[in-house]
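# Structural overview
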Amino acid sequence: MSLADQARGDLKLTGLHKRYPNGFVAVESLDLVIPQGSFFALLGPSGCGKTTTLRMVAGLEEATKGTIHIGDEDITYAKPYKRPVNTVFQNYALFPHLTIAENVAFGPKRRGAKDPASQVKEILALTELTEQAGKKPAQLSGGQQQRVALARAIINRPDVLLLDEPLGALDLKLRRAMQVELKRIQEEVGLTFVHVTHDQEEAMTMADTVAVMNKGRIEQMGAPYDLYTNPQTTFVANFLGRSNLIKGTVVGREGTGDDAVVKVDMHGTIATIKASKVHTDSDHGWVGIRPEKVLIQPAGEALDAPGAALSGAVVVDASYIGVSTDYTLRMPWGQEITCFEQNTGRRGGLIPVGTKVDVSWRPEFAFLLDSAQDVEAGLEED
């Protein structure tokens, strides 16, 4: 089944701004184009403006400035019920006295659609709810109720489907299963999904494109892989996963094009960073490396990878969590950094606390951020 052919075009937000009467600015000069048929995620901490943005698209909040278009149609000030948009909320908002089939049929019947029964049958099959059609919402699991809410929204054939923290009420195992289901359904129906969440795993698992929001603005936008491997601000580096950020001074630049690199002095050790992962023009910056890219060995033993190698670190904490062991290392200059070591069985146990270790990582995994940015940005929200 595909509804993409009936859609009117991209969702375009231009100069979108929301200021409340008390002076609080929730969204500031937001420019965004969400391609028709894509799965798009707005990711950020509470209060960053993501839900306010979604509510302005839905017509539940009025924009202070700016415009909202779907294709060529300006819907900025259209009534909510006149917009080609539907919203799925965290609490599902199902009618408890109606059966699942009746809940799903509510929209088509209200619009006077022809043959709503066949539409309901098709949507229930898509959302794998056929066997639940005669039950009431209270008889279903949380995941099934979430699919009913989704089915009820999709059957209205909106151009854009807005999802406001739709998996927040589910437990971890069910939430992960529903991430896969949501992505499958989106790909089958071909509608534009705009998913608002504070959960990084949700956004990265499902979305084609993620926009990381902070204080009413988009910090960075791109494919999940690009955001994670090449963050451009300390906020993104800290909020999207975890990062070790080490103060450094640029001491040289070499090569051209794809071979261009920047040399950075980190407390006496020279680190090499690809120019495409350097996001500052200053001679000072934060050298970033993800914990799972950090390699350690007891002092004097051979390290697995070439690159920036630092000696004199000490293990101050080791936490075994099954799939990996999380080490906290105190570096010679006093800073503590983190290493996530996959438990492949090669080591045969944990490195004991108090052990002196050598540290290394491959240069292509490092990035350099502006030293003027707050090194702790994004940490409190995470």
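No experiment lies behind these values; they were computed from the predicted model shown.

Our next topic: the sheet that holds strand β7 (residues 160-164). Overall, mixed pairing links the six strands, which are arranged β6-β7-β8-β3-β9-β10 in an open sheet. Pairing within the sheet leaves two strands with one partner each, and these edge strands are β6 (85-88) and β10 (217-222). Each neighbouring strand pair of the sheet contributes to a mean axis angle of 20 degrees, computed without reference to strand direction. Alignment of strand β9 (residues 209-214) against β10, held across five bridges, turns out to be antiparallel. Looking across to β10, one finds that Val 210 is bridged to Gly 222.

This paragraph deals with the domain arrangement of the protein chain. Domains assigned within the protein chain are domain 1 (11-229) and domain 2 (242-370). For domain 1 and domain 2, the distance between their C-alpha centroids amounts to 39 Å.

On to the pattern of salt bridges. The final tally for this structure, using the stated rule, is twelve salt bridges. Notably, a salt bridge pairs Arg 175 with Asp 199, separated by 3.8 Å at the nearest N-O pair. Separated by 24 residues along the polypeptide, Arg 175 in helix α5 (residues 172-189) and Asp 199 in the loop between β8 (192-197) and α6 (200-206) bring together distant segments of the chain. Residue classification places Arg 175 among the buried positions, given a relative accessible area of 16%.

Let's shift gears to the environment of Tyr 92. Of note, Tyr 92 is situated in the loop between β6 and α2 (100-111). Between the C-alpha atom of Tyr 92 and that of Gly 348, which follows or precedes it by 256 residues, the distance is 48 Å.

Look at helix α4 (residues 142-154) against α5: their axes get within 11 Å of each other, and the N-to-C directions meet at 20 degrees. Taken together, the axes of α4 and α5 lie roughly parallel to each other. The handedness of the crossing between α4 and α5 comes out as right-handed. Touching Gly 142, Gly 143, Gln 146, Arg 147, Leu 150 and Ile 154 of α4 are Leu 174, Met 178, Glu 181, Leu 182, Ile 185 and Val 189, all from α5. In terms of residue class, the contact of α4 with α5 is built from seven nonpolar, three polar and two charged.

Conventions we followed
Residues numbered from 1 in each chain as written. Predicted model: local features only at pLDDT ≥ 70, side-chain atom pairs only at ≥ 80, totals over all residues. Heavy atoms only, no water. Pairing = 2+ DSSP bridges. Helix = DSSP H or I, 4+ residues; strand = E, 2+ residues; numbered from the N terminus. Axes fitted to C-alpha atoms, helices over the stretch in contact; angles between N-to-C directions. Domains from an automatic or database assignment. Salt bridge = Lys/Arg side-chain N within 4 Å of Asp/Glu carboxyl O. Buried < 20%, exposed > 50% of the residue type's maximum accessible area, 1.4 Å probe, protein only. Parallel < 35°, antiparallel > 145°, perpendicular 65-115°, else oblique. Left-handed = near helix turned anticlockwise from the far one by under 90°. Contact = heavy atoms within 4.5 Å. Nonpolar A, V, L, I, M, F, W, Y, C, P; charged D, E, K, R; others polar.

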